[in-house]
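Chain by chain, the residues:
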Amino acid sequence: MKPLKKIISRYMNLVTLTMISFLTVVIVCVQNADTHRQAYNDAITTLQQIEQVLEQNNAEIAEISEEYRNTCLHNAEAIAYLIQDKPSVPDSVDEFRRIAGFMEVDEIHIFDETGRIFAGTHPDYYGYTFDSGEQMRFFQPMLTDKSLKLVQDIMPNVAEAKLMQYSALWSADGNFIVQVGMSPVNVMKATQKNELSYIFSLFRVNTEAGYYAIDQTSGEIVGSTELDDVHKNIEDIGISLNDIDVQSRGFHAKVNGQDSFCVFRLVDSNYIGRILTNRALYEWILMNTVVLLFCLVIIAVVLMRAVTAYMNRYVVDDIYRINKKLHAIAAGNLDEVIDIQSSTEFAELSSDINRMKKSLLDNSRKMSYVLSKTNMYIGVYEYDEHVLQVRFTEYVPQILGLSPEETGQLFCDYRMFRKFLSELRNHPFADEDNVFRLDERYIRMEEISENRNVFGVLIDVTEDTLKRLHIEQERDYDHLTGLYNRRGLESFLDVCFHKPAEFCESALIMIDADNLKVVNDTYGHEGGDAYLRQLAILLKEFAPGHGVAARLGGDEFVLFLYKYQNRAALADAVMALGELQNNSSARLNDDLEIPLGFSFGCCLTEGCADYQALLREADEKMYENKKFRKSGR
């Protein structure tokens, strides 16, 4: 047993460690929740800013595109006017190129009324018609409606697949169509400013954070700060559209092999998201936790030392002094007085112990008086857990069969005496309450306990018990075989059949020894008795723990098989008994061994409460078995 100081110190350490651990867990959880909240808010703020930039850029692109369309159309009108004013221009490519340079356009094409290019800045385009590709077919309606003035969206041209914006209109006299092509430099510059990957790069302050734009329908990455991921499917980097749809407050995923925290927001038809690695997300949590844990440990150590010192001074030391006094009392020094007045509680404890000690002295005197007046052959003992010594009468050692040396060892310490009695209780006499077997003797033990004071009586009942056992043996057992006789079997079955659930699957088997008369006639009644004893041994040893055998008289036996967990196991046992019918032998004496045979009939109990009826049914089956075996020989 550990000293109280160590127990208190260990308890304080345990409580302190538990509180520090609990606070650490709480702090980590709070920091973790706050970190997630902050990361989510930062992501939403940044994504909102990106959305605003996209909206501003889209408005700028729309304005520039409209301005460029108008410029392209105005240039076509001016060039149509110049060409119509100077009819010699269509015959000179250089003149067209000079006009193109002056008007700051890239291409000029002149179509005839059939929609075929016959003049312009690029002779290699001569002969192209409005049927020469998708880009040219855009202007086919002008062949039927000369009032049209068309400006085409920016798209690759037919000859070189170069991005161009074309405008076309009829000349004022309606004799030809002027088409002007301009390279949309300004529009493309504005469009590049609106590319998601470019915008993402402007907002990427933390290199551990990545920005992604994902098509809402296909899951294709249409823009990212990680250029290698562009045009991949989000499944390839470890994210699913379902995660984005369901977990609007952010979610954790393994993105490109790194554990990350992801927040996405729907902007038009794309999900715009910020992905931050867990390493960057949690790096400050670890540092803050270590600093806080260090401070908690210092506070806890100081507080624990102060509380422990106070407990040792005003509690533990006084308890040690009381224990020292109690040890002296337990050793037999009942004159010892306890007087600890350091606190109200210790003063009350001292007073109670002194009163208890006086009560023990009074009880001891009363006990001694009573024991001195009795001359009955019984043993009386008494002990108290506060006093080591055991008080007893002179007959106790005799009843327990103790030598003087053993008596001195047991009765000087009640714990050893109690252990001795506990070992005695491990050998109860089954047919009698509070009677226990000690070697060849039987002892009745009665004991009462009150407030840790134990009073007991020991009586030697060996003679009465042996007489009763002898009477029961003569009454319930067959003297020849040692098995139950009819009365003993019925007593046993009465108990079993009142508790059918306890013996599970069971069967009653009637058995008749074969050829007993022949054995008696051949080897005498001593041989017949040996023959029956051999059969009794076979039945007694047949199913240990599952069988009870009895001899009803003459050559008739009963075997009760019980406590089988299922019908199959019981059937196997009956089959095993059948194999012994003609495969057993009986040794009549040291020099003579003959075959041992028997017939039997088996009847399953199956919940039937009338074992007499079952025995009659088994008897009938036994005679049928005997007839069958005789007819088969």
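See the structure shown above.
Residues numbered from 1 in each chain as written. Predicted model: local features only at pLDDT ≥ 70, side-chain atom pairs only at ≥ 80, totals over all residues. Heavy atoms only, no water.

**Description of the environment of Leu266**
1) Next: Note that Leu266 resides in strand S10 (residues 258-267).
2) Next: Taking the C-alpha atoms as reference points, Leu266 and Ile214, separated by 52 residues in sequence, lie 9.4 Å from one another.
3) Next: If we skip the residues at most four places from it in the chain, Leu266 touches Gln216 and Tyr271. (Helix = DSSP H or I, 4+ residues; strand = E, 2+ residues; numbered from the N terminus. Contact = heavy atoms within 4.5 Å.)

**Quick notes on the sheet that holds strand S8 (residues 221-224)**
1) Next: Here we have 5 strands laid out as an open sheet, ordered S8-S7-S11-S10-S9, and antiparallel in their pairing. In the strand order of this sheet, the two ends are held by S8 and strand S9 (251-255), each with one partner. The mean inter-strand angle of the sheet, taken between neighbouring strand axes irrespective of direction, is 35 degrees.
2) Next: Strand direction decides the pairing type here: strand S7 (residues 209-215) and S8, joined by 3 bridges, are antiparallel. Looking at the pairing, Ile214 lines up with Ile221 of S8. (Pairing = 2+ DSSP bridges. Axes fitted to C-alpha atoms, helices over the stretch in contact; angles between N-to-C directions.)

**Some details on unusual backbone geometry**
1) Next: Positive phi is not limited to glycine here, since His231 has a value of about 75 degrees.
2) Next: Mapped onto the elements of the fold, His231 is located in the loop between S8 and helix H6 (234-237).
3) Next: Here His231 falls in the exposed class, since its relative accessible area comes to 61%.
4) Next: For Asn515, which is not a glycine, the phi torsion comes out positive at approximately 60 degrees.
5) Next: Tracing the chain through its elements places Asn515 in the loop between strand S17 (505-513) and helix H15 (516-540).
6) Next: By relative accessible area, Asn515 is classed as partly exposed at 44%. (Buried < 20%, exposed > 50% of the residue type's maximum accessible area, 1.4 Å probe, protein only.)

**Here we look at the pattern of salt bridges**
1) Next: Scanning the entire structure with this criterion turns up 18 salt bridges.
2) Next: A salt bridge links Asp229 to Lys232; the shortest N-O distance between them is 3.4 Å.
3) Next: The exposure class assigned to Lys232 is partly exposed, which follows from its relative accessible area of 33%.
4) Next: Taken together, the shared-partner salt bridges in this structure form one network comprising Asp512, Asp514, Lys626 and Arg629. (Salt bridge = Lys/Arg side-chain N within 4 Å of Asp/Glu carboxyl O.)

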